[in-house]
2 protein chains.
Amino acid sequence: MRLSRYFLPTLKETPSEAQIVSHRLMLRAGMIRQHAAGIYNWLPLGYRVLRKVEQIVREEQDAAGAQEVLMPTIQSADLWRESGRYDDYGKEMLRITDRHGRDMLYGPTHEEVVTDIFRNNVRSYKNLPANLYQIHWKFRDEVRPRFGVMRGREFLMKDNYSFDLSKEDARKSYNRMFVAYLRTFARMGLKAIPMQADTGPIGGDLSHEFIVLAETGESGVYVDNALLQKPIPENVDYDGDLQPIVDEWTSLFAATDEKYDPEKDEKPAGDVVNARGIEVGHIFYFGTKYSKPMGAVVTGPDGDEVVVHMGSYGIGVSRLLGAIIEASHDDAGIIWPESVAPYTVGLINLKAGDAACTKTCDDLYAALNAAGVEVLYDDRDERAGAKFADMDLIGVPWQVIVGPKGVAAGIAEIKNRKTGERSELPLDAVVSRFAG
Amino acid sequence: MRLSRYFLPTLKETPSEAQIVSHRLMLRAGMIRQHAAGIYNWLPLGYRVLRKVEQIVREEQDAAGAQEVLMPTIQSADLWRESGRYDDYGKEMLRITDRHGRDMLYGPTHEEVVTDIFRNNVRSYKNLPANLYQIHWKFRDEVRPRFGVMRGREFLMKDNYSFDLSKEDARKSYNRMFVAYLRTFARMGLKAIPMQADTGPIGGDLSHEFIVLAETGESGVYVDNALLQKPIPENVDYDGDLQPIVDEWTSLFAATDEKYDPEKDEKPAGDVVNARGIEVGHIFYFGTKYSKPMGAVVTGPDGDEVVVHMGSYGIGVSRLLGAIIEASHDDAGIIWPESVAPYTVGLINLKAGDAACTKTCDDLYAALNAAGVEVLYDDRDERAGAKFADMDLIGVPWQVIVGPKGVAAGIAEIKNRKTGERSELPLDAVVSRFAG
């Protein structure tokens, strides 16, 4: 993409509305703009990153055997009356009346809808386990939305729901998601620690939060240092027994400061360090809480009706962008991990008015594109300083800097955004450096 | 994907709620399930096709220079008061009050939101032309939703909005979308004819509908036969002059029966044939209808403020699935064009109980997957007849049928879903037949 054509309204000033660094940087880098309190427009750069994050979530869900569906944003209130949650759910639920006077709502979560799909379409234990996920927009009418996409009202979530014949089988579904979550966050360059959690309004008796570590995180956490060093499971056999992996991760101490107070509570075993974190995922097993009142039953192996055991699993997809930035930035701007970077290479033409320099850059741009490298090309007629500042702010992992002197010498400068390291590379070696 | 694990609740019986063939087949093939009137759940097979259709739309928008954004579903009513449409828009608009008593709405269209983005972020004519698109869910509270995804309340739409300095430039933006639309629908195996349209409630003085031809289409159309033969533009230079292409397509007669009555109106020139069609896209130029009241201005080349000229362009993405099925089905079920088919190959194991047959099928399935072929593997323990019926219903373009006799002879049967043609192929030639 050529910057001269890109809809990328970067800001030099820090917007006063933003209290935390990810919110400031997303506004300054032209990723988002607020439409109303807690409701955002995603501009091209921001939406590009959001789709990359979404795709990693999708790939790991697919690998773990979940199947993608899409449920509506607008739901009928009737199902929530069946489950008994319609009156319990507070003002966070956006309640709507349609033109025929029917009670509807904008889904804050989808347990009722998916249970309805299940009970209408599955009859036999032979179709279990089932695990349906969606990546879709939800609305929760927060009383005080803030921190940009970290606590918005309209937000993108991956939510899924598992159905099993027994608690034992449900535990296996739970474990698959536990491991998939470890892999998902690691692929985004994040260190996410599972911590035992309260089950809250969704109910149930087995639950973990996944907390991403970031110096500017919203809450304090206490984590066994060994957890921070633990390698992420690779080549997982999701049909195999995952309990050992889960046990390995849950046997070490990890708790939010809501759950552990070093002043009062007993000192946990292990080398526990204090850090800050951001919740990005939450998994629950809740048994028959919805399947029982809503009649989600299958015929079991012996012909009897069995109420299915369910779990639900959430990832805050739009929130993850904020979390990644909180975990990876410096004074100059965002530092994207390559896996979610909007572009891999930022090509900077230091002198747009110079014919030879522009020709070299145009050729490099075409060659990088042809080689499948995602490149953002700053072809604008701007000062070099402004170009450096914008490229640092946007956070593209690699900068390829080309000026008249370099062109004369056949050299481009390569800068690594994260380390700041600079090196020189012959112009004809640039494409092969980044291709494949 | 193994059918034994796939969440694919096909139906033998035709659901009584469905009046048209695409609705019947989408329900029977387990693609969708109704949640409430005009509101659907997309099950794995349906969502898979929806994403393929969406991706074609996206690629052609990108090629034409439009840039992808995402605007919220829930909008503030204030912007609609600025444009003057809040009171004019009827009961189709789903009006909502949030917890603080603010008037909100579920966006039926996004002219106001995008104009607000533009006016807050673009100052100079140098940033024009701009063209922002999104592929997102909209809600229109139809008084009588029907025909499945063809006239739903919650539906997926590609909508975009162009901004130009003058009417002449806006015409160029319009032409880019005109040509992109021709290419988009053709890639889905559809014959879509642009027809001059009323501009309706969005306003403006230049507008075309794109009507897909289908025997079971909702409305009658009259089309010059020469239009049906016209090749789709290839290798389009979207920076070049597209007016000749647009003129070529608009100079021949094409009209819906609302606009042309052969009993009353003068007979048009050309070899005009009568057919049936479905509207899938609509493009408008509407000048300064929104930019003027909302103050979307830029500084022009001579330093004066110029009110920008806008156009908007819609494609009914979820509706397209209905249109494709209306245009491509037979008594046995759906016939997917390869470009949007959920899977390319349906692999049928005729005897799941036979060890040699199952081993051969498992190996073929693994090899096809490894070669990047999208394959749906019917590994269920079912009668051959049921498997044939389901695979025909789902409409996968190619069936690879493997039974004990074939395995003994080293042969698979290949069936083309569209033509019904059958042929035999050595088992070791199956992968190369479909790979790459």
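- Going by an unreviewed UniProt entry, chain A carries the name Proline--tRNA ligase and comes from Caenispirillum bisanense.
- The UniProt entry for chain A carries this comment under Sequence similarities (unreviewed entry): "Belongs to the class-II aminoacyl-tRNA synthetase family. ProS type 2 subfamily."
- One UniProt comment on chain A, placed under Subunit (unreviewed entry), says "Homodimer."

### Brief notes about the nonpolar core
Move 1: Met31 and Trp42 of chain A together with Met31 and Trp42 of chain B are the most contacted members of the largest nonpolar core, which has 184 residues in total.
Move 2: Sequence-distant contacts of tryptophan 42 of chain B, defined by excluding residues within four places in its chain, comprise Val69 and Leu70 of chain A together with Met26, Met31, Ile32, Tyr47, Leu50, Trp137, Val149, Ser318 and Leu321 of chain B.
Move 3: Counting residues in each nonpolar core, the second largest holds 30 residues, with Met71, Met93, Leu128 and Tyr290 of chain A among its members.

### Considerations on the packing of helix 1 (residues 21-28) of chain A against helix 9 (residues 317-327) of chain A
All names here are of chain A.
Move 1: The N-to-C vectors of helix 1 and helix 9 enclose an angle of 105°; their axes lie 8 Å apart at closest approach. Relative to helix 9, the element helix 1 lies roughly perpendicular. Packed against helix 1, whose contacting residues are Val21, Ser22, Leu25 and Met26, the element helix 9 presents Leu321, Gly322, Ile325 and Glu326 at the interface.
Move 2: The residue inventory of the contact of helix 1 with helix 9, partitioned by class, reads 5 nonpolar, 2 polar and 1 charged.

### Remarks on the domain arrangement of chain A
All names here are of chain A.
Move 1: In terms of domains, chain A is made up of domain 1 (21-334) and domain 2 (343-434).
Move 2: Here domain 1 and domain 2 have C-alpha centroids that lie 39 Å from each other.
Move 3: Every contact between the two is made by 10 residues of domain 1 and, on the other side, 7 residues of domain 2.
Move 4: Contact between domain 1 and domain 2 buries roughly 830 Å² in total, counting both sides, with carbon and sulfur atoms accounting for 49%.
Move 5: At the boundary of domain 1 and domain 2, one finds 3 salt bridges.
Move 6: Counting the contacts that link domain 1 with domain 2 gives 6 residue pairs in polar contact (both at pLDDT 80 or more).
Move 7: Take the side of domain 1 that touches domain 2: its biggest share by element is 3 residues, from helix 2 (residues 44-63).
Move 8: Partitioned by chemical class, the residues of the side of domain 1 that touches domain 2 number 5 nonpolar, 1 polar and 4 charged.

### Here we look at the environment of serine 432 of chain A
Residue and element names in this part refer to chain A.
Move 1: Along the chain, serine 432 turns up in helix 13 (residues 430-434).
Move 2: Its relative accessible area of 58% is what places serine 432 among the exposed residues.
Move 3: Sequence separation between serine 432 and aspartate 390 is 42 residues; the distance between their C-alpha atoms is 25 Å.
Move 4: A distance of 3.2 Å separates a polar atom in the side chain of serine 432 from the backbone oxygen of alanine 429.

### Some details on the environment of serine 166 of chain B
All names here are of chain B.
Move 1: Counting through the fold element by element, serine 166 comes out in the loop between strand 8 (154-164) and helix 5 (167-187).
Move 2: Sequence separation between serine 166 and valine 307 is 141 residues, and the spatial gap between their C-alpha atoms is 8.7 Å.
Move 3: One polar contact links the side chain of serine 166 to the main-chain amide nitrogen of aspartate 169, over a distance of 3.1 Å.

### Remarks on the sheet that holds strand 5 (residues 94-97) of chain A
Sheets are built from strands paired through backbone hydrogen bonds, the pairs being either parallel or antiparallel.
Residue and element names in this part refer to chain A.
Move 1: The sheet built from 3 strands is open, its strands ordered 4-6-5 with antiparallel pairing. Sheet topology places strand 4 (74-76) and strand 5 at the edges, where each strand pairs with a single neighbour. Each strand of the sheet is rotated relative to its neighbour by a mean of 35°, with strand direction disregarded.
Move 2: Direction of pairing for strand 5 relative to strand 6 (residues 103-106): antiparallel, over a ladder of 4 bridges. Opposite isoleucine 96, over in strand 6, you have methionine 104 as the bridge partner.

### A word on unusual backbone geometry
Residue and element names in this part refer to chain A.
Move 1: Along the chain, leucine 128 connects to proline 129 via a cis peptide bond; the corresponding omega equals 0°.
Move 2: In this structure, proline 129 sits in the loop between helix 4 (111-121) and strand 7 (130-139).
Move 3: Backbone geometry at phenylalanine 147 places phi at a positive 65°, although glycine is not the residue there.

### Observations concerning the sheet that holds strand 23 (residues 422-426) of chain A
Residue and element names in this part refer to chain A.
Move 1: Judged by pairing direction, the sheet is mixed, and its 5 strands sit side by side in the order 20-19-21-22-23 without closing on themselves. Either end of the sheet is taken by a strand with one partner, and the two such strands are strand 20 (375-378) and strand 23. Here the average twist between neighbouring strands, direction ignored, is 25°.
Move 2: Here 4 bridges tie strand 21 (residues 398-402) to strand 22 (residues 411-416), and the two strands are oriented antiparallel to one another. Its bridge partner lying in strand 22, glutamine 399 is registered against lysine 415.

### Observations concerning the relation of the copies chain B and chain A
Move 1: Overlaying chain B on chain A yields an RMSD of 0.0 Å, the required transformation being a rotation through 180° with an accompanying axial translation of 0.0 Å. Taken together, the rotation and translation describe the operation of a two-fold axis. Across chain B, the rotation axis passes nearest the C-alpha of isoleucine 96 of chain B, at a separation of 3.0 Å.
Move 2: The fraction of interface residues of chain B whose copies in chain A are also interface residues reaches 100%, indicating that both copies meet through the same surface.

### Brief notes about the packing of aromatic side chains
Move 1: If you walk through the whole model with that rule in mind, you get 31 aromatic pairs over all chains.
Move 2: When the centroid spacing of 5.5 Å and the interplanar angle of 65° are considered together, the rings of phenylalanine 178 of chain A and phenylalanine 210 of chain A count as edge-to-face. Placement of phenylalanine 178 of chain A in helix 5 (residues 167-187) and of phenylalanine 210 of chain A in strand 10 (residues 206-213) is noted, with a sequence separation of 32 residues between them.
Move 3: By relative accessible area, which is 0% here, phenylalanine 210 of chain A ends up buried.
Move 4: Geometrically, the ring pair formed by tyrosine 181 of chain A and phenylalanine 185 of chain A is edge-to-face, given 5.8 Å between the ring centres and 85° between the ring planes. Of this pair, tyrosine 181 of chain A and phenylalanine 185 of chain A both sit in helix 5, 4 residues apart, which is roughly one turn of the helix. We note that tyrosine 181 of chain A, like phenylalanine 185 of chain A, is buried.
Move 5: Aromatic rings pair up to connect Tyr106 and Phe139 of chain A together with Tyr106 and Phe139 of chain B into one cluster.
Move 6: Positioned over the ring face of tryptophan 398 of chain A is arginine 433 of chain A, at 4.4 Å from the centre of the ring.

Reading guide: rules and limits
- Residues numbered from 1 in each chain as written.
- Chains lettered and ligands numbered in written order.
- Predicted model: local features only at pLDDT ≥ 70, side-chain atom pairs only at ≥ 80, totals over all residues.
- Heavy atoms only, no water.
- UniProt positions renumbered as here; feature names shortened; annotations may be inferred.
- Core = buried A, V, L, I, M, F, W, Y, C linked by side-chain atoms within 4.5 Å.
- Buried < 20%, exposed > 50% of the residue type's maximum accessible area, 1.4 Å probe, protein only.
- Contact = heavy atoms within 4.5 Å.
- Axes fitted to C-alpha atoms, helices over the stretch in contact; angles between N-to-C directions.
- Helix = DSSP H or I, 4+ residues; strand = E, 2+ residues; numbered from the N terminus.
- Parallel < 35°, antiparallel > 145°, perpendicular 65-115°, else oblique.
- Nonpolar A, V, L, I, M, F, W, Y, C, P; charged D, E, K, R; others polar.
- Domains from an automatic or database assignment.
- Buried area = accessible area lost by both parts, 1.4 Å probe.
- Salt bridge = Lys/Arg side-chain N within 4 Å of Asp/Glu carboxyl O.
- Polar contact = N/O pair within 3.5 Å; in protein donor to acceptor, adjacent residues only side chain to side chain.
- Pairing = 2+ DSSP bridges.
- Least-squares fit on C-alpha atoms with pLDDT ≥ 70 in both.
- Phe/Tyr/Trp six-rings, centres within 6.5 Å; stacked < 30°, edge-to-face > 60°.
- Lys NZ or Arg CZ within 6 Å of the ring centre and 35° of its normal.

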